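Geometric and topological summary
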Amino acid sequence: MSDSFDVLWLSASSVLQRFDQPLVRYLSRHMRIAHWEYQQSKDEGSSIDQAVELLYEFLEYCDRSVHLAGHGMGGTVALSFARRYPQKVRSLALLAVASQPANTWHAHYYFQRQLFSISREQILASSARSLFGNQPPQTAKKLVAALDKDLEQSPTPHSLFKLVYLPKGGVSMPMMICGSKTDPIVNSPALHDWMNWLKPEDKLWECPQGYHFFHYFYPQAVGEQILSFWERHDLHLVEASALSFSASKS
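Residues numbered from 1 in each chain as written. Predicted model: local features only at pLDDT ≥ 70, side-chain atom pairs only at ≥ 80, totals over all residues. Heavy atoms only, no water.

1. Digging into the packing of aromatic side chains
- Within this structure, the stated rule accounts for ten aromatic pairs.
- Consider the rings of Phe 5 and Phe 58, whose centres lie 6.5 Å apart with planes at 20°: the pair is stacked. Of this pair, Phe 5 sits in the segment before strand 1 (7-11) while Phe 58 sits in helix 2 (residues 48-59), and the two are 53 residues apart along the sequence.
- On the numbers, 4.6 Å between centres and 5° between planes, the contact of Phe 132 with Phe 213 is stacked. Of this pair, Phe 132 sits in helix 5 (residues 120-132) while Phe 213 is found in the loop between strand 6 (203-207) and helix 8 (214-217), placing the two residues 81 residues apart along the sequence. Phe 213 matches Phe 132 in its accessibility class, with the two residues each being buried.
- Among the aromatic residues, those joined into a ring-pair cluster are Phe 19, Phe 132, Phe 213, Tyr 216 and Phe 217. (Phe/Tyr/Trp six-rings, centres within 6.5 Å; stacked < 30°, edge-to-face > 60°. Helix = DSSP H or I, 4+ residues; strand = E, 2+ residues; numbered from the N terminus. Buried < 20%, exposed > 50% of the residue type's maximum accessible area, 1.4 Å probe, protein only.)

2. Digging into the packing of helix 4 (residues 105-115) against helix 6 (residues 137-153)
- Put simply, helix 4 and helix 6 touch, their axes get as near as 11 Å, and they point 95° apart. With respect to each other, helix 4 and helix 6 are oriented roughly perpendicular. For the pair helix 4 and helix 6, contact is made by Trp 105, His 106, Tyr 109 and Tyr 110 and by Leu 147, Asp 150 and Leu 151, respectively.
- Class assignment for the residues of the contact of helix 4 with helix 6 results in five nonpolar, one polar and one charged. (Axes fitted to C-alpha atoms, helices over the stretch in contact; angles between N-to-C directions. Parallel < 35°, antiparallel > 145°, perpendicular 65-115°, else oblique. Contact = heavy atoms within 4.5 Å. Nonpolar A, V, L, I, M, F, W, Y, C, P; charged D, E, K, R; others polar.)

3. Regarding the nonpolar core
- Formed by 78 residues in total, the largest nonpolar core has its most connected members in Leu 8, Leu 59, Leu 68, Leu 92, Leu 94, Trp 105 and Trp 230.
- Counting residues per element, this core draws most heavily on helix 3 (residues 73-84), which supplies six residues.
- If we skip the residues at most four places from it in the chain, Leu 8 touches Ala 34, His 35, Trp 36, Leu 55, Phe 58, Leu 59, Val 66, His 67, Leu 68 and Ala 69. (Core = buried A, V, L, I, M, F, W, Y, C linked by side-chain atoms within 4.5 Å.)

4. Let's talk about the pairing of strand 1
- The element strand 1 is largely enclosed, with a buried count of five among its five residues.
- Of the two faces of strand 1, the one carrying Val 7, Trp 9 and Ser 11 and the one carrying Leu 8 and Leu 10 are both buried.
- Pairing of strand 1 with strand 2 (residues 33-37) involves five bridges; the strand directions are parallel. Each bridged residue has a counterpart across the sheet, and for Leu 10 the counterpart in strand 2 is Trp 36.
- The parallel pair strand 1 and strand 2 is bridged by helix 1 (residues 21-28), and the resulting crossover is right-handed.
- As paired strands, strand 1 and strand 3 (residues 66-71) are joined by four bridges and run parallel to one another. Note that in strand 3 the partner of Trp 9 across the bridge is Ala 69. (Pairing = 2+ DSSP bridges. Right-handed = clockwise from strand over helix to strand, strands pointing away.)

5. A few points about the sheet that holds strand 1
- On the basis of which strands lie adjacent, the open sheet formed by six strands has the order 2-1-3-4-5-6 and parallel pairing. The open sheet has two free edges, formed respectively by strand 2 and strand 6, since each of these has just one partner strand. Strand-to-strand twist of the sheet, defined as the mean angle between neighbouring strand axes without regard to direction, takes the value 20°.
- In the packing of helix 1 onto the sheet, the strands contacted are strand 1, strand 2 and strand 4 (89-95), and the crossing angle to strand 2 comes to about 150°.
- Lying on the sheet, helix 3 is in contact with strand 1, strand 3 and strand 4; it crosses strand 4 at an angle near 150°.

6. Regarding the side chain of Gln 100
- Residue position: Gln 100 is located in the loop between strand 4 and helix 4.
- Judged by its relative accessible area of 15%, Gln 100 is buried.
- If sequence neighbours within four positions are ignored, Gln 100 has contacts with Tyr 165, Leu 166 and Lys 168.

7. Some points on the pattern of salt bridges
- Under the definition given, this model contains seven salt bridges.
- A salt bridge links Arg 84 to Asp 49; the nearest nitrogen and oxygen atoms lie 2.8 Å apart. Here Arg 84 is found in helix 3, whereas its partner Asp 49 is found in helix 2, with 35 residues between them in sequence.
- Assessed through its relative accessible area of 37%, Arg 84 is described here as partly exposed. (Salt bridge = Lys/Arg side-chain N within 4 Å of Asp/Glu carboxyl O.)

Structure (structure tokens):
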């Protein structure tokens, strides 16, 4: 099955995966990319472990390792999977994932609910501004609705009663960490704390702008950095990209 793709993009929320699409489309012009999406029924509890096991079932019969990539909670699932099944992962590209992998926007939401006596709707509106910047009222309303659904659909381990922490540290395969200098969730200190675990072959890169969903606003700039990382660690991808470029010119 893995012969049909080189890269697997992970999404942990059907309602937010639309913000991955500009970057995925850009990368797919150069690479063979498959998309994996975690889906949770209303009767299931939130569980990163369950997401990891479902991903393993998908990749169990792949005859070779693949490059994993994901943003936010999707990246946290990718990291957890790479630690548990390193033989399945050729490299890891994490976007907006803090050195404390559980430090997602969901954690910030629940922390504010615990700290302030304001409504769910007010905190979601504040979260939308933090994650996307100031937007027109109609757009902001749609973003709030999307975040509301993501709280229900995402495999986040957090709740109003408890914030959960995941193990910090690196991985055995090459890893790229991407962030944004204007991201209030995974800010520069949270991003640069990764330096404590990066290997010589790893890479950390910050987009100058774009808030938490910087890959949506700047897909080409982010895509160029990720492609460069992949090509440096996979001769097969260098050859495939060269063939694709030659074919597009002829």
